[in-house]
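Structural overview
Residues per chain are reported as follows:
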Amino acid sequence: MINGTAKIGKYCKLHGNICIGNDGLSMEAPIIGDNVDIGVGAKIIGNVKVANNIIIGAGSIVVKDCDKEGVWAGVPSKFLH
């Protein structure tokens, strides 16, 4: 499921059962950079920005900006390496 106001960059990989949506409090949706790989079942919720060249781990929940290139995972997501 992808919110119609979300912005998704070039060359992103979106795997199954993901959600890129608003938080239910506002209509602001995520902004996803280029070359982002979003794992199966990941959720990116609210007015967050995901920088270029990031991997979001399967099942992760992103509720804050991912501003550093590399791997982000967990509930809530955090930078791993």
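Figured I'd write up the structure that's included with this text. (Residues numbered from 1 in each chain as written. Predicted model: local features only at pLDDT ≥ 70, side-chain atom pairs only at ≥ 80, totals over all residues. Heavy atoms only, no water.)

Re the pairing of strand S10 (residues 70–73)
Two elements, strand S8 (residues 54–56) and S10, share 3 bridges in a ladder whose sense is parallel. Each residue of the ladder has a partner; that of Ile-54, found in S10, is Gly-70. Relative to strand S11 (residues 78–79), S10 runs antiparallel, the two being bridged by 2 bridges. Counterpart to Ala-73 in the pairing with S11 is Lys-78. Taking the residues that link successive antiparallel strands as the turn, the S10-S11 hairpin has 4 residues, and the phi of Gly-74 there is positive, at about 115°. (Pairing = 2+ DSSP bridges. Helix = DSSP H or I, 4+ residues; strand = E, 2+ residues; numbered from the N terminus.)

Focus on the side chain of Asn-3
You can see Asn-3 is positioned in the segment before strand S1 (7–8). By relative accessible area, Asn-3 is classed as buried at 14%. One polar contact links Asn-3 to Thr-5, side chain to side chain, over a distance of 2.7 Å. (Buried < 20%, exposed > 50% of the residue type's maximum accessible area, 1.4 Å probe, protein only. Polar contact = N/O pair within 3.5 Å; in protein donor to acceptor, adjacent residues only side chain to side chain.)

Brief notes about the state of the cysteines
Tallying each qualifying case throughout the model produces 0 disulfides. There is no disulfide at Cys-12, and the cysteine sulfur nearest it, in Cys-66, is 13 Å away. Using a relative accessible area of 21% as the deciding quantity, one classes Cys-12 as partly exposed. In this structure Cys-19 is a free cysteine whose sulfur lies 15 Å from that of Cys-66, the closest cysteine sulfur available. In this structure Cys-19 comes out as buried when scored by relative accessible area, which is 18%. (Disulfide = S-S within 2.5 Å.)

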